[in-house]
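# Secondary and tertiary structure notes
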Amino acid sequence: MARNAADKATSIDAQLRMLAPKKLSEDDKLVEYDALLIERFLCILQGLQGDKIRETVQECYELAAEYERTLDPKQLDEIGNLLARLDPEDSIVTTKSLSHMLILANLAEEVQIAYRRRQKLKSGDFADENSATTESDIEETLKRLVCQLKKSPLEVFDALKNQTVDLVLTAHPTQSVRRSLLQKHGRIRNCLTQLYAKDITPDEKQELDEALQREIQAAFRTDEIRRAPPTPQDEMRAGMSYFHETIWKGVPKFLRRVDTALKNIGIKERVPYNAPLIQFSSWMGGDRDGNPRVTPEVTRDVCLLARMMAANLYYAQIEDLMFELSMWRCSDELRVKADQLHRASKKDTTKHYIEFWKQVPPSEPYRVILSDVRDKLYNTRERSRHLLASGFSEIPDDAIFTDVEQIIYWRSNFSKICITIAVSCIVYLTFISSSAVLGAS
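Residues numbered from 1 in each chain as written. Predicted model: local features only at pLDDT ≥ 70, side-chain atom pairs only at ≥ 80, totals over all residues. Heavy atoms only, no water.

Under the annotation held in an unreviewed UniProt entry, the protein carries the name phosphoenolpyruvate carboxylase and is attributed to Triticum turgidum subsp. durum. Word for word, the UniProt comment on the protein under Catalytic activity (unreviewed entry) is "oxaloacetate + phosphate = phosphoenolpyruvate + hydrogencarbonate". Entered under Subunit (unreviewed entry) in the UniProt record, the comment concerning the protein runs "Homotetramer." (UniProt positions renumbered as here; feature names shortened; annotations may be inferred.)

A rise of 1.5 Å per residue sets the reference length of helix α13 (residues 332-344), with its 13 residues, at 18 Å; its end C-alpha atoms lie 19 Å apart and thus fit the reference within 8%. Taken residue by residue, α13 has L334, A338, L341 and H342 as its buried positions. Buried residues of α13, viewed axially, fall in a sector of 100 degrees; they line one side. Opposite its buried face, α13 presents the exposed residues D332, E333, R343 and A344, each directed more than 90 degrees away. Buried residues belonging to α13 abut α14 (365-390). (Helix = DSSP H or I, 4+ residues; strand = E, 2+ residues; numbered from the N terminus. Expected span 1.5 Å × (residues − 1). Buried < 20%, exposed > 50% of the residue type's maximum accessible area, 1.4 Å probe, protein only. Arc of directions from axis to C-beta. Contact = heavy atoms within 4.5 Å.)

We now examine the nonpolar core. M236, F243, L262, V271, L277 and L377 are the most contacted members of the largest nonpolar core, which totals 53 residues. Elements supplying a minimum of two residues to this core: α8 (153-161), α11 (232-264), β2 (278-282), α12 (296-324), α13 and α14. No other element matches α12, which puts 13 residues into this core. In this structure, F41, L45, L192 and L195 belong to the second largest nonpolar core, which totals 28 residues. (Core = buried A, V, L, I, M, F, W, Y, C linked by side-chain atoms within 4.5 Å.)

Moving on to the packing of aromatic side chains. Going through the model one piece at a time under the given rule, you end up with 8 aromatic pairs. A ring pair is formed by Y353 and Y378, whose centres lie 5.5 Å apart and whose planes are at 80 degrees; its orientation type is edge-to-face. With Y353 in the loop between α13 and α14 and Y378 in helix α14, this pair connects stretches of sequence that are 25 residues apart. Accessibility assignment for this pair places Y353 and Y378 in one class, buried. An aromatic cluster is present here, built from Y315, Y353 and Y378 joined pairwise through their rings. The ring centre of F220 lies 5.3 Å from the NZ or CZ of K96, which sits over that ring. Stacked on the ring of Y353, the Lys or Arg R374 has its end atom at 3.6 Å from the ring centre. (Phe/Tyr/Trp six-rings, centres within 6.5 Å; stacked < 30°, edge-to-face > 60°. Lys NZ or Arg CZ within 6 Å of the ring centre and 35° of its normal.)

Of the residues in the protein, 80% reach a pLDDT of 70 or more, and the chain-wide mean stands at 79. Taking the mean pLDDT of every element in the protein, the minimum, 39, falls on helix α16 (residues 423-439) and the maximum, 94, on helix α10 (residues 202-220). Long-range and interchain partners of residues 129-135, a stretch whose pLDDT sits below 50, account for 8 contacts in this model, where long-range means more than four residues apart. Counted against residues more than four places away or in other chains, residues 416-441, with its pLDDT under 50, gives 77 contacts. (pLDDT = per-residue confidence, 0-100.)

Here it is in structure tokens:
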């Protein structure tokens, strides 16, 4: 049963190639990705549990691959007999290891799908209808509407800007994978993607390989199960993590691609800022239809928490914009507004800011206006924090954002300093849901 590492690696690669779909093209890297992840994991397992466990896990894996190829029930019997001979502790480690290998295989497939999609985008080939669910593209869709269904570009544009997709985050903890593991899986995907970049240097490759091994080991040694039931506040924090990690950057990127796709079918204007193609709603902390754990106090806490997190996201984005928009040339209307804000602002320094903590000079009008927005976002965040902690805050309503219309008004009058075209989409979840609660605070 003992074999050297080279034989084991060859065996893994061979088994993976047997399992790989025959339709894979020559440039597909699924087998290569999968073999790398599983080989790294088996080496880690050997270091943690010894040669015996590694060999047992690999034998189970190879028997499963053989069954996949032949559908011979004897292979399943062999796996069952092999596991039955293990003592309880070894059987737990073995099954956990096999489960982890399946997760790594899924991650390899996700990286492969992304790689394959990039290749399709480069060649302009989205003709494989069998892969429509993973290879759909907004530009290709709009072109089909115009060329195949004979819709005019203006009809497509009007239909697009007059519809909204409302994505609802549920109140139930249906996401069984812990956030700690989701983050580690994301880092594994990133390492795997960068490892196969064409311009990678040997030193970078070695460093990425070491980082990949660290993340694989950390994921394997992390408990997959939440040991305490989540509260509604925990659900909101978990839901808002999707905004931090995915939605905040992903939605603007998608909407920019929509604008590019519209331009390529002949539409010269962008989707209006006040026509949200995507908006977000939430049941978290609001399912008052019989859930005994959701009380008025819980709903209020969740709304405050959502507002605080949203204000923090915008606050960070505004500070980034203050660095970018250092220009002095602007419209007369914007300069008048900047002069008004500058005269009304306090002359003393604001020491709780890391950057731009002194009064911004009127010669930088964009920064003057952005500093006013930053002040209100800071106060919005701090007021929410105070209310969560003690139920009371001395920050007045006129110093904060209390309604989504205030954000939209600011965007409409000073569109040149907008954060992104997606602001009006993302803000619906946080500011609208909490304005009624905070209005009475």
